[in-house]
Each structure stands twice: as structure tokens, then as C-alpha cells.
Amino acid sequence: MSASPAPTLSIWTPRDDARALWLRGLVFMIVLLQLNQRPAMLQAIGEVIFLAAFGCMALFVLLRYPFTITPRKRSFILLSGLFCFYLLVQGIILQTGVSIPTINNLIFIMMSALVVLFVNAENWTVMLKAFIYPVLAFSISYAITAVLLLGLGRPLPSLAIASFTLAQVQSHYDMTIYFPFSPALGLGDVKALGFSLARATGYYREPGIYQILVSMSFFGLNYLDIRYKRMWKTLLLFSLLFTFSTAGFGAFIATAFCYYVLAGQGEGKRARWWASLAGAAALVPLVLWFVFTDKSFGLLRKLQFASGTVRVERASNAMAYLIDRPLVGGGYMNADISSINFMSVVGQIGAIGVLLFAVLVIVPNWNLLKRRDPVLVLLVPVFLTMLFSQPLFDKPLFFLTLALVAAYPRDATPSRPRWLKPAPASS
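This is a predicted model, so every value here is computed, not measured.

Draft legend 1. Main features of the overall build of the chain. When helices and strands are tallied, the chain shows 15 helices and four strands. A burial count over the chain gives 50% of its 427 residues as buried. Sequence-distant contacts in the chain: of pairs separated by 6 or more residues, those separated by 24 or more amount to 69%.

Draft legend 2. Structural detail: helix α12 (residues 342-362). Its 21 residues give α12 an end-to-end C-alpha distance of only 17 Å, which falls more than 12% under 30 Å, the value for a rise of 1.5 Å per residue. Roughly 110 degrees is the biggest bend found in α12, and it falls at I349.

Draft legend 3. Region of interest: unusual backbone geometry. In this structure, the amide linkage connecting R38 to the following residue, P39, adopts the cis form with an omega of 15 degrees. With respect to the element layout, P39 can be found in the loop between α1 (16-35) and α2 (46-62). Across the junction of F179 and P180, the peptide omega takes the value 0 degrees, indicating a cis bond. Here P180 shows up in the loop between β2 (172-178) and β3 (182-192). Not every positive phi belongs to a glycine, and R64 is a case in point at roughly 60 degrees. Among the secondary structure elements, R64 is positioned in the loop between α2 and α3 (71-94). Here R372, not a glycine, exhibits a phi torsion of approximately 50 degrees, which is positive. Turning to its location among the elements, R372 is positioned in the loop between α13 (366-370) and α14 (380-388).

Draft legend 4. Structural detail: the packing of aromatic side chains. Tallied over the entire structure, the rule returns 27 aromatic pairs. With a centroid separation of 6.3 Å and 35 degrees between ring planes, the pair formed by F238 and F242 is classed as tilted. With a gap of four residues between them, F238 and F242 both fall in helix α7 (residues 229-243), about one helical turn apart. An aromatic cluster of at least three residues, connected via ring pairs, comprises F83, Y332, F357, F393, F398 and F399. Seen from the ring of F218, K233 lies directly overhead, with NZ or CZ sitting 4.9 Å from the centre.

Draft legend 5. Examining helix α15 (residues 396-406) more closely. Counting buried positions over the eleven residues of α15 gives eleven, a clear majority of the element. Those residues of α15 that fall on the buried side of the exposure criterion are P396, L397, F398, F399, L400, T401, L402, A403, L404, V405 and A406.

Draft legend 6. Highlighting the sheet that holds strand β4 (residues 195-200). The four strands lie next to each other as β1-β2-β3-β4, forming an open sheet whose pairing is antiparallel. Looking at the sheet topology across the chains shown, the edges are occupied by β1 (160-167) and β4. Looking at each pair of strands side by side, their axes are set apart by 45 degrees on average, direction ignored. Looking at chain direction, β1 and β2 are connected through seven bridges and run antiparallel.

Draft legend 7. Representation of the packing of α12 against α15 in the model. At a closest axis distance of 10 Å, the pairing of α12 and α15 adopts a crossing angle of 40 degrees. One way to sum up the angle between α12 and α15 is to call them oblique. Where α12 abuts α15, its residues F357, L360 and V361 lie against F398, F399 and L402. Here the contact of α12 with α15 is composed, by residue class, of six nonpolar, no polar and no charged.

Draft legend 8. Spatial organisation of the pairing of β3. Sheet topology places β2 next to β3; four bridges connect them, and they run antiparallel. What sits directly across from I177, in β3, is P183. Between the end of β2 and the start of β3, which pair antiparallel, lie three residues. Here five bridges tie β3 to β4, and the two strands are oriented antiparallel to one another. Paired with K191 across the strands is S196, a residue of β4.

Draft legend 9. Up close: the nonpolar core. Judged by nonpolar contacts, the single largest core of 103 residues is most densely connected at F76, W124, F131, Y204, F342, F393 and F398. With residues near it in sequence (within four places) discarded, F398 still touches F357, V361, V382, F383, M386, L392 and F393. One finds L159, Y178, A184 and F244 within the second-largest nonpolar core, a separate group that totals ten residues.

Criteria and cut-off values
Residues numbered from 1 in each chain as written. Predicted model: local features only at pLDDT ≥ 70, side-chain atom pairs only at ≥ 80, totals over all residues. Heavy atoms only, no water. Helix = DSSP H or I, 4+ residues; strand = E, 2+ residues; numbered from the N terminus. Buried < 20%, exposed > 50% of the residue type's maximum accessible area, 1.4 Å probe, protein only. Contact = heavy atoms within 4.5 Å. Expected span 1.5 Å × (residues − 1). Bend = angle between axes of the 7 residues up to and from the residue. Phe/Tyr/Trp six-rings, centres within 6.5 Å; stacked < 30°, edge-to-face > 60°. Lys NZ or Arg CZ within 6 Å of the ring centre and 35° of its normal. Pairing = 2+ DSSP bridges. Axes fitted to C-alpha atoms, helices over the stretch in contact; angles between N-to-C directions. Parallel < 35°, antiparallel > 145°, perpendicular 65-115°, else oblique. Nonpolar A, V, L, I, M, F, W, Y, C, P; charged D, E, K, R; others polar. Core = buried A, V, L, I, M, F, W, Y, C linked by side-chain atoms within 4.5 Å.

Here is the structure:
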């Protein structure tokens, strides 16, 4: 009796584990590349980053990985499209937003919103890792830089590896990378312990934006199966401190209050009522310090000087346009209206725009809001920063964070959209 021939396996047939690895890698790269759009440092080559992200999305489709959609995802995509449509039409009618930058912004918004189609229940943590892992890498670098500076007494300029300039519309940012790979802004802007310090920026152009990812990472670690969480959280707290960002400190305190006091029980939080009470008590001295400290990043001091005064003034000026045209505002991308934060942007988009924006944030997350799901705290840093500090309402960072929460799979039963072809059967 002759032996049966050994089974053959085509080298072109991906194994299940290899296919799953490719899937995770593609999702990670799609999100990471989108995060490196404006206002990240790589905005200088934004076209290349955009094409790379689009290429990863196209490869996802070509490899016929399955898309999944849930009611929350569907409403998020539709409402994002409606918001973009309003901004486009309003800009055309008022003749303020018919430009290449306007079209680019709207494309970036929709590209970020569509990321939810690439994320299913199994790879949601991969999307979260794309937010967190680069920040953890930078936290190690900033810790090393701090040890060399504060522990060994090395002056910060001696640790500089490279310096470069990031162009801005009417200004620029002078950036420096310190050993080993610690990007920072404004040497001498901050003085502490007798040292002239620069402000940590991560891979973003401003400390006031990078702090969002630091706070998100601190609380997002609760959703990852990762060792040494306490060590990582300690490093993240030091990274947040090195931003010297008023918005960052305030957003972190508010996020901690939402997580430890307001949030219900969930995947990321299992503390009892007494732990919430203890958390609230622990935050009281931190709030008092943040509000009343005479340091340059103190809230009251910031409102009296420099950028704090500028933000208040520009928000006040924008309100004049809202009073004049309460429904539609002065027009999206109106050059005469500052967009330094959302409070000032209200004058651009009007009451209708604000309503559509609020619906976009609330409706996809309504079930999470009703049960006070802890995952919502991932939105708090970016939402508060957008509202009071930075013009993020039309940036990929904000919509990617919304997409992250909209894709959260806790109670969702995914269904395949009808317009998608079925995924190939596993061999």
C-alpha cells in the first residue's frame, strides 16, 4: 500500500496567524499615520503622510479584510459627513471657505471618521495602542533626558542633537531634539530648580496638544494587557509635567475627576464607591495648586498674561460675529475670525454648526453616556483642549479620538455593511 502524498500548502495562501498579524499591523499604521497629520510635526510632509495612510487603507481593502459596522459607527460616520457638508455649503454661501485648505480639512475629517470601519472588536486595542505606544516611547526618552539634566547636572543645550524650524501660517516653531530622542520647544521659556528648561512636545508641534495624548495614554493603559502599568503611568506623569501646559494640567485633573468620581463601573474601572470618594478628596489640593499657583502655568496667572489673555480676547471678538449672524456665523475659515479654540470658532460656524457638532459628539456615544462608561474619559482631554485652548475641532486628532470611542466594542454586535464583499474563507 503506497503512502499518501504529503499535503501541499501554497506560499501565496496566508496562514491565519500571519493574516491576523497583517491586519493588526495595518490598523496600527492607519491610525498612527492619521495621528501624524496636522498639527503633528510631520505636517511639513502632510501630503506624503496622507498618501501613506490612504495606501494602508487601500491595502486593507485589497487584502479583503472584513469591515464591520455597528449602529454607533454608522451614526458617527453619517454625522461626520453631515457636519462636513454643512461647513462646505456654509463656506460656499458666505464665500469664506472655498479654498484648498478648506477641502483638505474636510477630507482629513472624513478620512479620520472612516477609520472606524477598519476597527473591529478584536483589534480595538490595536487602535488604542497606536495612540499610546509612541507616547510611552517618548516618556522613556524624556525620563532619560531629565536624569541627565536634573540628576547629573548636564545643561540642556549640551544634550541637543538637532534643531529645526516648523513653519506656521504667520509664525514658526523652533524645535530641538535632545538626547536620546526628546523633542522640545522654547529653551528658557520655563525655569525650575535653577535650570533653563524646554517644553516637551512629543511628535506634535505644541506642548498644549501633546498633553492630550499623555493624559489619554495614562487612562488608556487601563484597557491594555501590559506589564508594569504603575511604572508607565509614573513616566507619563513626568512627561505631562515636562509639557508645562496649563491646558494639560487642567485637562488631566478634569479627566481624573471624571474617571475616579463620575464614571460608573466598566472594563477599565472596577473601583468601589469608597475609592471614588478617596479620589475626589485627593484631587482637591491638586485643583487648588493648579488654580492659585504663581507659576507661569497656573490657571489664574495664565488668564492674566500671555496666551490666556489672547484666547479670551479672540473668543470675545468671535462672539460679535455670532451676534450678527447667530445661525450661520461669519463663515468657516473666515480669515477675520480667529480659530484659536472652539469658543472663538463659534463665531465662524454659527449656532447650526455648534448644534451639528454637539450631535456628532453626543449621539454615537449616547448609550455610553447613559451608563457613564469609563471609556468616555478618553474623550475628556481632547474635548476640553479643543473647547478652551487649541483649534482642534476640524483636525484628525479630535476625530480619531471620537472614532476610538465610537469603535469601542463593549456592547456592540457588529454587522457587515451590504455594500462590502464577503471576506475570503480561511484556508
